[in-house]
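One-letter residues, chain by chain:
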Amino acid sequence: MKARVEVICIGPDGSEQRQGVLAIERQELAMETLGMSLAEGKILLQGVQDFVVAQQVSQDLEQRRVCVHCGQRHTSKDNGNTPVKTLFGPMDVPNPRWNRCACQTDGPKTFRPTTAWLKGRTSPEMLYLETNWASLIPFAKVVGLLKQVLPVGDSLNPETVRSHVQATAERIEQELGEERQLNLFEGVEEDWEQQPLPDGPITVGIDGGYVRAAHKQGWFEVIAGKSVVAFRRAEEGEVSSAKCFGFVQTYDQKPRRRLWELMKSQGMQENQQVVFMSDGGETVRRMQEYLHPFSEHLIDWFHITMRLTVLQQQTKALQEERPQIGGAVSKQVESVKNLLWHGNVEAALERLGNLIMDLDLIRAHSAAAEKVAGAMAEFETYIHNNQEFIPNFGERYRQGETISTAFVESTVNQVVSRRFVKKQQMLWTLRGAHLLLQTRTKVLNNELDEVFRRWYPQFRVKTA
Ligand SMILES: [Zn+2]
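Let us look at the structure shown here.

Examining the overall build of the chain
Across its full length, the chain carries 15 helices and twelve strands. Relative to a compact globule of 464 residues, whose C-alpha radius of gyration would be 23 Å, the chain shows 31 Å and is clearly more extended. On the principal axes, the C-alpha backbone points of the chain span a range of 95 × 65 × 45 Å. Within the chain, the fraction of its 464 residues that count as buried is 28%.

Structure below.
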């Protein structure tokens, strides 16, 4: 059998324009000859796209051809085409230049009638898909997948996708308000008391990860985290209760604004309880300060236990070398953990100090003791620097309050690792990593559609 596909475009006056876009011929029926092949599907899509685009543009030009003031037709200055990339093929959009009408005396002598609608050289659908996929998988893979299933054109390459995604991210970044060093909230405390009862406490977990820098610059840190609203009073709220974020701190000019906007989008109120949890790094702590009038800043219990576990492991070599001393040290480390759990920081620091002194007596003769003493001193400094952020974890725990954001560890993996460090050879610039983090978190938070609809109101309009 034979089949032909024809497109019919119907103009506003009812006139029809037809164009054949695909002819298929089948002999023997088999599973692989049932229906259309992928190649035919691509031809079909591109054929329809070509014809519909041509008809749309020519109708639009026809409507604009007449001067709105006197009804005379504009005369041509020159013809031209503008390439526009779409998911169904690269299109050459007619883009003529016309002379200003003789009835007008002001303004430029010529103009392009397409400026009313022709914004950019890539269709929003294409930008969206490139951004969405490239936020999850490498640029080259995006190109491979697109080419495999859609007639996107041979010229699409990883560099194009990268620049499109970066342009999208830059646009998202431009929408972010100004950074402020002090309170980002408007109003005063009395106003906030009038606010409705807020949703459950917001817990923000912040942690860092490392990605490899381009140009042999070693590694640099990226910050990632998650903001979680414990519960919502109106349960059917459209706002997701957990959102992740990420940025490159040495590149980002607005980390505080970024986090604040994210929490605002979760419905954060000034009278809401907010708890920030981190491993106590300097930058992270500075960012949280003043971000919310009633926020608490805590060291994540998870980070303390992680460090203590490492410390315990280091005492093992000492225990093998000197069972008695090693065993005693190990017990002391366990008791330090217990003291910290109860927020008894001073006692913990004292015990650590004593331990370091004891180890000092033997470290000259024992490599194992030397190693434990070094690690112990490091841990002591860490606790000392962060002592004001160590609460009584035990009490918080009993009261059902958050003591740990171990989930942040997996968030960091989710936000950073899979896309950024999976392969050792993936190298990033500060800007490149930061921008990709912005689109990636939008994708992970299911917010990319919303962003595109804001820019292109007719983009994927929801139909009931
Ligand atoms: Zn005119």
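Having put the structure on the table, let's press on.
Points about the sheet that holds strand 3 (residues 76-78)
What the three strands build is an open sheet, ordered 3-6-7; its pairing is antiparallel. Unpaired on one side and paired on the other, strand 3 and strand 7 (110-111) mark the two borders of the sheet. One ladder, built from two bridges, connects strand 6 (residues 97-99) with strand 7; its direction is antiparallel. Residue pairing across strands places Asn 99 opposite Thr 110, the latter belonging to strand 7.

Points about the environment of Leu 430
Structurally, Leu 430 can be placed in helix 14 (residues 430-444). Assessed through the 18 C-beta atoms surrounding it within 10 Å, Leu 430 is described here as partly exposed. Each C-alpha atom of the pair Leu 430 and Phe 220 lies 7.9 Å from the other, and the pair is 210 residues apart in sequence. Beyond its immediate chain neighbours, meaning those up to four positions away, Leu 430 contacts Phe 220, Val 248, Thr 250 and Tyr 251.

Some details on the nonpolar core
Ranked by size, the top nonpolar core spans 74 residues in total, and within it Val 222, Ala 224, Val 372, Met 376 and Ala 433 carry the most contacts. With sequence-adjacent residues up to four places away left out, Ala 224 is seen in contact with Asp 207, Gly 209, Cys 244, Phe 245, Gly 246, Thr 411, Val 412, Val 415 and Val 416.

A short note on unusual backbone geometry
Notably, His 215 is not glycine yet its phi reads approximately 55°, a positive angle. Looking at the secondary structure, you find His 215 in the loop between strand 8 (202-212) and strand 9 (219-229). One non-glycine residue, Arg 460, lies in the positive phi region at around 40°. If you trace the backbone, Arg 460 turns up in the segment after helix 15 (448-455).

Concerning helix 9 (residues 323-341)
Over its 19 residues, helix 9 extends 27 Å from the first C-alpha to the last, a length consistent with the 27 Å expected when each residue adds 1.5 Å. Contacts from the buried residues of helix 9 go to helix 8 (301-321), helix 10 (345-363) and helix 11 (367-385). One or two positions beyond helix 9, positive phi appears at Gly 343, with a value near 70°.

Digging into the sheet that holds strand 11 (residues 274-278)
Judged by pairing direction, the sheet is mixed, and its five strands sit side by side in the order 10-9-8-11-12 without closing on themselves. Two strands lie at the open edges of the sheet, namely strand 10 (242-247) and strand 12 (295-299), each paired on one side alone. Within the sheet, the average angular offset between the axes of one strand and its neighbour, ignoring direction, is 20°. Packing of helix 6 (residues 255-265) onto the sheet brings it into contact with strand 8, strand 9 and strand 10, and relative to strand 10 it is tilted by some 165°.

Quick notes on the environment of Leu 127
Secondary-structure assignment places Leu 127 in helix 2 (residues 124-134). For Leu 127, a count of 23 C-beta atoms within 10 Å gives the class buried. For the pair Leu 127 and Ala 167, spaced 40 residues apart in sequence, the C-alpha to C-alpha distance is 9.5 Å. Excluding anything up to four places from it in sequence, Leu 127 contacts Thr 122, His 164 and Thr 168.

Quick word on the packing of helix 2 against helix 4 (residues 158-174)
Where helix 2 contacts helix 4, the two axes come as close as 9 Å, and the packing angle between them is 95°. With respect to helix 4, the element helix 2 is oriented roughly perpendicular. Contacts from Leu 127, Glu 130, Thr 131 and Ala 134 of helix 2 reach helix 4 at Val 161, His 164, Val 165 and Thr 168. Of the residues assigned to the contact of helix 2 with helix 4, the class counts are four nonpolar, three polar and one charged.

Brief notes about the pairing of strand 4 (residues 81-86)
As defined by bridge partners, strand 4 adjoins strand 5 (residues 89-94) across six bridges and the pair is classed as antiparallel. Opposite Val 84, over in strand 5, you have Met 91 as the bridge partner. Counted along the chain from strand 4 to the antiparallel partner strand 5, the turn is two residues long.

Looking at the pairing of strand 11
Extensive coverage of strand 11 is indicated by the burial of five of its five residues. On strand 11, burial covers both faces: Val 274, Phe 276 and Ser 278 on one face and Val 275 and Met 277 on the other are all buried. The sheet contact formed by strand 11 and strand 12 spans five bridges and is parallel. By the bridge assignment, Phe 276 is partnered in strand 12 with His 297.

Regarding the packing of helix 8 against helix 11
It is the contact of helix 8 with helix 11, at a shortest axis distance of 9 Å, that shows an interaxial angle of 160°. Between helix 8 and helix 11, the crossing angle belongs to the class labelled roughly antiparallel. Regarding helix 8 and helix 11, the two cross each other, and that crossing is left-handed. Residue-level inspection shows Arg 307, Leu 311, Gln 314, Thr 315, Ala 317, Leu 318 and Glu 321 of helix 8 in contact with helix 11, the latter providing Ala 368, Ala 369, Lys 371, Val 372, Ala 375, Met 376, Phe 379 and Tyr 382. Classifying every residue of the contact of helix 8 with helix 11 gives ten nonpolar, two polar and three charged.

Points about the environment of Ser 58
Tracing the backbone through its elements, the reader meets Ser 58 in helix 1 (residues 38-64). Under the C-beta neighbour-count criterion, Ser 58 is labelled partly exposed, with 14 such atoms within 10 Å. Separated by 35 residues in the primary sequence, Ser 58 and Val 93 have C-alpha atoms spaced 9.5 Å apart.

Criteria and thresholds
Per chain, residue numbering runs from 1 following the sequence as it is written. It should be noted that, the model being predicted, local features are given only for residues of pLDDT at least 70 and side-chain atom pairs only at 80 or more, the latter also being counted only at that level, while totals for whole chains, interfaces and linings use all residues. Runs of E in the DSSP output that reach at least two residues are strands. Runs of H or I that reach at least four are helices, and both are numbered from the N terminus. Each radius of gyration is computed over the set of C-alpha atoms, and the globule rule expresses the reference value as 2.2 Å times the number of residues to the power 0.38. Buried residues are those with 20 or more other C-beta atoms within 10 Å of their own C-beta, exposed residues have 12 or fewer, and partly exposed residues lie in between; C-beta atoms are placed from the backbone. A pair of strands is treated as paired once DSSP finds two or more bridges between them. Any two residues are considered in contact once their C-beta atoms, placed from the backbone, lie within 7 Å. A set of buried Ala, Val, Leu, Ile, Met, Phe, Trp, Tyr and Cys residues, joined to one another through C-beta atoms within 7 Å, is what we call a nonpolar core. Each helix should span, by expectation, one fewer than its residue count multiplied by 1.5 Å. What counts as an axis is a line fitted to C-alpha atoms, over the stretch in contact for a helix, and the angles between N-to-C directions run from 0 to 180 degrees. Working rule for angles: under 35 degrees goes down as roughly parallel, over 145 as roughly antiparallel, 65 to 115 as roughly perpendicular, anything else as oblique. In this classification, the charged set is Asp, Glu, Lys and Arg, the nonpolar set is Ala, Val, Leu, Ile, Met, Phe, Trp, Tyr, Cys and Pro, and all remaining amino acids, among them Gly, are polar. Left-handed is the label given to a crossing in which the near helix is rotated counterclockwise from the far helix by less than a right angle, and right-handed is the label when the rotation is clockwise.

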